[in-house]
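# Descriptive structure summary
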Amino acid sequence: MNSVTTLNLKKETENNDKTTLGFWIYLMTDLVMFGVLFATYTVLRGNTFGGPMDRNVFNLPFALSETLILLTSSFTCGLAILALQQKNKIQVILWFSLTFILGITFLILELSEFSKLISEGNSWQRSGFLSAYFTLVGTHGLHITAGLIWMIICLFKIWKEGLTSSLSRKLTLLSLFWHFLDIVWIFIFTIVYLMSGI
Amino acid sequence: MNWKSFIIGQLTWADLPHQWFTIGGTGAIFTMLGAAAVFLTITKRWRWLWKNWLTSTDPKKIGVMYLIMAFLMFVRGGLDALMLFSQQVLTVGPGVLGAKHGYLDANHFQQIFTAHGDIMVFFVTMGFLFGLINLIVPLQIGARDLAFPFLNSLGFWLYVAGAILINMFFVLGGEFAATGWLAVAPLSELQFQPGTGVNYWIWSLQISGLGTLIGGINFVVTILKMRAPGMSLMRMPMFTWTSLMSMLLVISIFPILAMTIALLTVDRYLGMHFFTLNNAGNQMMYWNLIWMWGHPEVYVLIIPAFGIYSEVVSTFAQKKVFGYPSLVAAAGLITLLSFTVWLHHFFTMGAGADVNAFFGIMTMYIGIPTGVQIVNWLLTMFRGRIRYYSPIYWFFGFISTFTFGGMAGMLMALPPVDFQIHNSLFLVAHFHTMIVGGALFGIFAGITYWFPKITGFKLDEKLGKYVFWTWLVGFFASFVPLYILGMMGATRRMDHYSPSTGWQYLFLVSLIGALIIVVAVILQVVQLIVSIKNRRQLRDTTGDPWNGRSLEWSTPSPIPFYNFPVIPQVHSRDAYWEMKKQKNKSPIIYEDIVLPKNTAMGIYLAAFLFLFGLAMVWQATLFAIIGLTGAIICMIKRTFDENTEYVLPASEVEKLDKQYRLTV
Ligand code: HEM
Ligand SMILES: [Cu+2]
């Protein structure tokens, strides 16, 4: 029996190793997808077809507040991982819940921006530029949504089962994913919002 | 709310099969399925099929299933090809079956060549390659399974889902895209293709592409993380090396394809304007994106074939491969350079002389590492004692066709020349020479070479040589005329031309060549059947029928499900060759083995995504929601499933291993 458990342990660290590498590669493929979207956005930025240009529709302070919220959520997510390493269940739940709330807030802000644009007649059907904008920012938003779903399921599981090793692994990957989305957002903030000011 | 369109979308009675080809296709599909079902019921094999094959996570079984599926799709794509050529021969005569010229009307002809190209690239060549990589790479690196066995099964089933989806318009009616295999915009936009054809293209490729991407990640991690102790990167067999490079390409470019298709999707479904003519879309962007994927993709297909040839040449010349480091470097350089040439697919589209010159030169650079490889193979054979078995025949065939096609490529890499022959049949001849004479011949070499390892018996050698010669003759007969036609000004994708051009007899030669290939394929099937019949005589009792060099030949044939009773220790390149030389057998110490359990979750997940894709084709909202939710639930269930592996105790391994060694 003893040999079986050491075997399982060995296999588990091996599996952890592989999963982490696999997840990193997945993140890189996702980055390529965002790369395509950034490229299309840059190409289509001037294709306004008589509609609004970027500087007419974006509200920089608003985008900045979105950015700060997402950055804070990344910070709380980091704190959650620290708590995870100390096996402190309450703190893990606490920090992840906070991350979750910040994430939801970000999403609501983003949706409100979308609906404002649409109500002004500037939907994605208006021009190539707006198509590219909605797709780039919307894809990021979809990723955030996926992350939130993942987070809520994990929170529920921790609450019920405690910090099992497989849950810890999932949470670590989730935090990678969350930081990754944060970095992508920094690029969005720069290329979409800041550049609109130039 | 309109309930009917909520449930079945745009599908109407009028769409269901009513033309002769959809009725024929549907009939053929259901006859085949019916026959298979009857056979399985009579022989009481349903459970066996489900438990031993469909739900398996063993890469060897998944590999075989890939090969079977790819072969079925090969037959489908081949029928398309015959229809295309025969239309081109008959088009000078009076029209029949309601067509103005020949027997296919223009739109139908367009759908056929689109389907033909997509099927041959995505479902035949890719399918065969993934099959071979699944079968062989774990064995070559001394591993027992892949890094993510479940994802492997899922990737396979997504590939199957895509393959079925691309054939679904037979069953549900409608039409396929009439755009060419890359569905170039703006032609593929709603404005010009309002039907469901492009939707089928979108969802079929999106779903199977997801499978490919998953497979790519899986193989990269497997090769990087699961090599036997002692196997450093520079000790890996060439096929493993080239598979690694091909899979690195896959993970870098398939996201581009996925996004490009997604952008076309939102254009068509949500009225966006990425590539549309109106509202300031940008059509050239589609061309750039699709070829940034497309050119590296052709190297995804050919690079593993390079690896197969390296293995075959060194085994049958009984020498170690010449200049291993330079072969690796050449393959790596090709991998890198393949990112820098995509624009040669549209020199004629106004990029300007400087840009064209740059991409023309980069394209010609690729010829250098390719030439290095060819020289390496020739030098491997030099002073070797070559044994003339059919795998090396395929290599000889490849050398002649590939060099030929490469020269044609060099010609087109010169922009001024390309302006003359772009999108002519010359181009068609070029890429068929590369993909058929390069990638497909390599796949055939690989299948013949590794067949005994997979099944335990060799393929019939004499028939194998007949197969090769018939294929080669058929191949040249059908594609050399296309080079000539292209030079004479015949454009690609032509359903009709004037008889005064005098092209008909060349098309006739091509058609005859295609029919010779049909004979070759039939011979291949005969070869398989005859070999199964004579499997006693053809039995491979040693596990090493060709006096091989890499680790896969150190196992008994057919391979036990755990691959290696003990993970081998590697000391050099050509690991098994060195082991054979040393001969000192250290006693075997058996250990417990952890293996993945079977799972049906891959099938369920792919089935839900298939439903989603099909529903999206027809914009049947209800079924799309069901499909997507089902897929997400399956995914969540699987991630929290902890019970995915089992332990095979050392005593059991010992018992099985001794049994295997007794039978061989
Ligand atoms: C020395 C190597 C090669 C060179 C210099 C080369 C060059 C070219 C050029 C210049 C074109 C564009 C011609 C035009 O559209 O007018 C082209 C098209 C193409 N090549 Fe190659 N090529 C090479 C190898 C390959 C290989 C190895 C494959 C596949 C395994 C391949 C597959 C294709 C395909 C599929 C197309 C065009 C498809 C389409 O337009 O639909 N080529 N090649
Ligand atoms: Cu190319």
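Scroll up to find the structure.
Below is a short write-up of the structure. (Residues numbered from 1 in each chain as written. Chains lettered and ligands numbered in written order. Predicted model: local features only at pLDDT ≥ 70, side-chain atom pairs only at ≥ 80, totals over all residues. Heavy atoms only, no water.)

## Quick notes on the overall build of chain B
Stated formally: The helix count covers DSSP runs of H or I at least four residues long, the strand count covers runs of E at least two residues long, and both are numbered beginning at the N terminus. Both definitions apply: the radius of gyration is a C-alpha atom measure, and the globule rule equals 2.2 Å times residues to the power 0.38. Buried residues are those whose accessible area, probed at 1.4 Å on protein chains only, stays under 20% of the maximum for their type, while exposed residues exceed 50% and partly exposed ones sit between those limits. Here, two residues are considered to be in contact whenever any of their heavy atoms come within 4.5 Å of each other. Charged residues are defined here as Lys and Arg on the positive side and Asp and Glu on the negative side; His and the ends of the chain fall outside this count. To locate a charge, take NZ of a lysine, CZ of an arginine, CG of an aspartate or CD of a glutamate.
If you tally the helices and strands in chain B, you get 20 helices and two strands. At 25 Å, chain B has a C-alpha radius of gyration in line with the 26 Å of a compact globule built from 664 residues. Taken along its principal axes, the extent of the C-alpha atoms in chain B is 75 × 60 × 50 Å. Of all 664 residues assigned to chain B, the portion counted as buried reaches 60%. Once local pairs closer than 6 in sequence are excluded, the contacts in chain B between residues at least 24 apart make up 82%. Positive and negative side-chain charges of chain B, numbering 41 and 29 respectively, have mean locations separated by a distance of 10 Å.

## Description of the overall build of chain A
Summing up its helical and strand segments, chain A has six helices and zero strands in all. In chain A, the succession of helices and strands from N to C terminus is α-α-α-α-α-α. Its C-alpha atoms give chain A principal-axis dimensions of about 75 × 30 × 25 Å. Relative to its 198 residues, chain A shows a buried fraction of 48%. Summarising the internal contacts of chain A: among those between residues at least 6 apart in sequence, 81% fall at separations of at least 24.

## Some points on the packing of aromatic side chains
Residue and element names in this part refer to chain B. Heads up, the condition is: Aromatic contacts are taken between Phe, Tyr and Trp rings whose centres are within 6.5 Å, Trp giving its six-membered ring; a plane angle under 30 degrees counts as stacked, one over 60 as edge-to-face, and the others as tilted. Geometrically, a lysine NZ or arginine CZ counts as sitting over a ring once it is within 6 Å of the ring centre and also within 35 degrees of the ring normal.
On inspection of all chains with the given rule, the structure shows 82 aromatic pairs over all chains. When the centroid spacing of 5.9 Å and the interplanar angle of 45 degrees are considered together, the rings of Phe123 and Tyr159 count as tilted. Residue Phe123 is located in helix 5 (residues 106-140), and its partner Tyr159 is located in helix 6 (residues 149-172); the two are separated by 36 residues in the primary sequence. The exposure class of Tyr159 is buried, given its relative accessible area of 5%. The cationic tip of Arg45 hangs over the ring face of Trp48; the distance from NZ or CZ to the ring centre is 4.8 Å. Residue placement shows Lys61 over the ring face of Trp53; its charged tip is 5.4 Å from the ring centre.

## Some points on the coordination of the copper ion (ligand 2)
Residues and elements named next belong to chain B. To be explicit about the condition: Metal-coordinating donors are taken as N, O and S atoms lying within 2.8 Å of the metal, or within 3.2 Å when the metal is Na, K or Ca; because water is left out, some sites can appear incomplete.
Coordination of the copper ion (ligand 2) by the protein is provided by His295 (ND1), His344 (NE2) and His345 (NE2), with metal-donor distances spanning 1.8 to 2.0 Å. Summarised as a motif, the one-chain spacing of the donors to the copper ion (ligand 2) is H-x48-H-H. If you look at the copper ion (ligand 2) and the iron atom of ligand 1, they sit 4.6 Å from each other.

## A short note on the interface of chain B and chain A
Heads up, the rule is: Defined in terms of a 1.4 Å probe, buried area is the accessible area two parts forfeit on being brought together, summed over both. Any Lys or Arg side-chain nitrogen located within 4 Å of an Asp or Glu carboxyl oxygen qualifies as a salt bridge. Any pair of nitrogen or oxygen atoms within 3.5 Å is treated as a polar contact; in protein, a donor-acceptor pairing is required on top of that, and neighbouring residues in sequence qualify only through side-chain atoms on both sides.
In this assembly, 36 residues from chain B lie in contact with 38 residues from chain A. Summing both sides of the interface, chain B and chain A together bury roughly 3200 Å²; the carbon and sulfur share of this comes to 74%. Per-residue buried area on chain B facing chain A is highest for Met259, Asn279 and Phe640 of chain B; these three make up 18% of the total on that side. Scanning the region where chain B abuts chain A turns up two salt bridges. Here chain B and chain A share 11 residue pairs in polar contact (both at pLDDT 80 or more) between them. Those elements that place two or more of their residues in the side of chain B that touches chain A are helix 7 (197-225), helix 8 (238-270), helix 9 (283-316), strand 1 (593-596), helix 19 (621-639) and strand 2 (645-648) of chain B.

## Focus on the site of ligand 1
All names here are of chain B. Stated formally: The nearness test applies per residue and asks whether one of its heavy atoms lies within 4 Å of the molecule or strand. In this classification, the charged set is Asp, Glu, Lys and Arg, the nonpolar set is Ala, Val, Leu, Ile, Met, Phe, Trp, Tyr, Cys and Pro, and all remaining amino acids, among them Gly, are polar.
Near ligand 1, the surroundings consist of 21 residues, among which Trp181, Asp418, His422, His430 and Arg492 are the closest. Within the contact set of ligand 1, an oxygen atom lies 2.5 Å away from a side-chain nitrogen or oxygen of Asp418. For the shell around ligand 1, the secondary structure elements donating two or more residues are helix 9, helix 12 (390-412) and helix 14 (425-455). It is helix 14 that contributes the most residues to the shell around ligand 1, five residues altogether. Classifying every residue of the shell around ligand 1 by side-chain character gives 12 nonpolar, seven polar and two charged.

## What to know about helix 11 (residues 353-381) of chain B
The criterion, for reference: In this scheme, a helix's expected span is set at 1.5 Å multiplied by one less than its residue total.
Taking 1.5 Å of rise per residue, the 29 residues of helix 11 of chain B would be expected to cover 42 Å, and the 43 Å separating its terminal C-alpha atoms lies within 8% of that figure. Among the residues trailing helix 11 of chain B, Arg383 of chain B stands out with phi positive, at a value near 65 degrees.

## Regarding the nonpolar core
Our working rule: The criterion is simple. A nonpolar core is a set of buried Ala, Val, Leu, Ile, Met, Phe, Trp, Tyr and Cys residues joined through side-chain atoms within 4.5 Å.
Ranked by size, the top nonpolar core spans 262 residues in total, and within it Phe96, Tyr133 and Tyr193 of chain A together with Trp201, Trp293 and Trp471 of chain B carry the most contacts. The element that contributes the greatest number of residues to this core is helix 9 of chain B, accounting for 19 residues. In this view, Trp201 of chain B contacts Asp118, Phe176, Ala177, Trp181, Leu182, Ala183, Ile261, Leu264 and Tyr286 of chain B; residues no more than four positions away in its chain are not counted.

## Brief notes about the environment of Thr222 of chain B
Residue and element names in this part refer to chain B. Locating Thr222 in the fold gives a position in helix 7. Residue class for Thr222 comes out buried when judged on its relative accessible area of 0%. Every residue in contact with Thr222, bar those within four places of it in the chain, is listed here: Ile141, Asp145, Leu146, Ala147 and Arg227. A distance of 3.0 Å separates a polar atom in the side chain of Thr222 from the backbone nitrogen of Ala147.

## A few points about the packing of helix 4 (residues 89-119) of chain A against helix 5 (residues 128-161) of chain A
When two helices pack together, their arrangement is captured by the angle between the axes and the distance separating the axes. All names here are of chain A. Stated formally: A fitted line through C-alpha atoms represents every axis, and for helices the fit uses only the stretch in contact; the resulting angles, taken between N-to-C directions, go from 0 to 180 degrees. Angle categories: roughly parallel below 35 degrees, roughly antiparallel above 145, roughly perpendicular from 65 to 115, and oblique for all the rest. Here a crossing is taken to be left-handed if its near helix is turned anticlockwise relative to the far helix by less than a right angle, and right-handed if that turn runs clockwise.
Two elements in contact, helix 4 and helix 5, have axes whose closest approach is 10 Å; the angle formed by their N-to-C orientations is 155 degrees. By the angle between their axes, helix 4 is roughly antiparallel relative to helix 5. For the pair helix 4 and helix 5, the crossing hand works out as left-handed. Considered class by class, the residues forming the contact of helix 4 with helix 5 number 20 nonpolar, seven polar and three charged.

## Some remarks on the environment of Pro194 of chain B
All names here are of chain B. Relative to the helices and strands, Pro194 resides in the loop between helix 6 and helix 7. Residue Pro194 is classed as exposed on the basis of its relative accessible area of 63%. Between the C-alpha atoms of Pro194 and Ala177, which are 17 residues apart in sequence, the distance is 10.0 Å.

## Some points on the pairing of strand 1 of chain B
Residue and element names in this part refer to chain B. The test is simple: A pair of strands is labelled paired if DSSP reports no fewer than 2 bridges between them.
Side-chain alternation along strand 1 places Ile593 and Leu595 on one buried face and Val594 and Pro596 on a second face that is also buried. Both strand 1 and strand 2 contribute to a ladder of four bridges, which runs antiparallel. Bridged to Leu595 within strand 2 is Tyr646.

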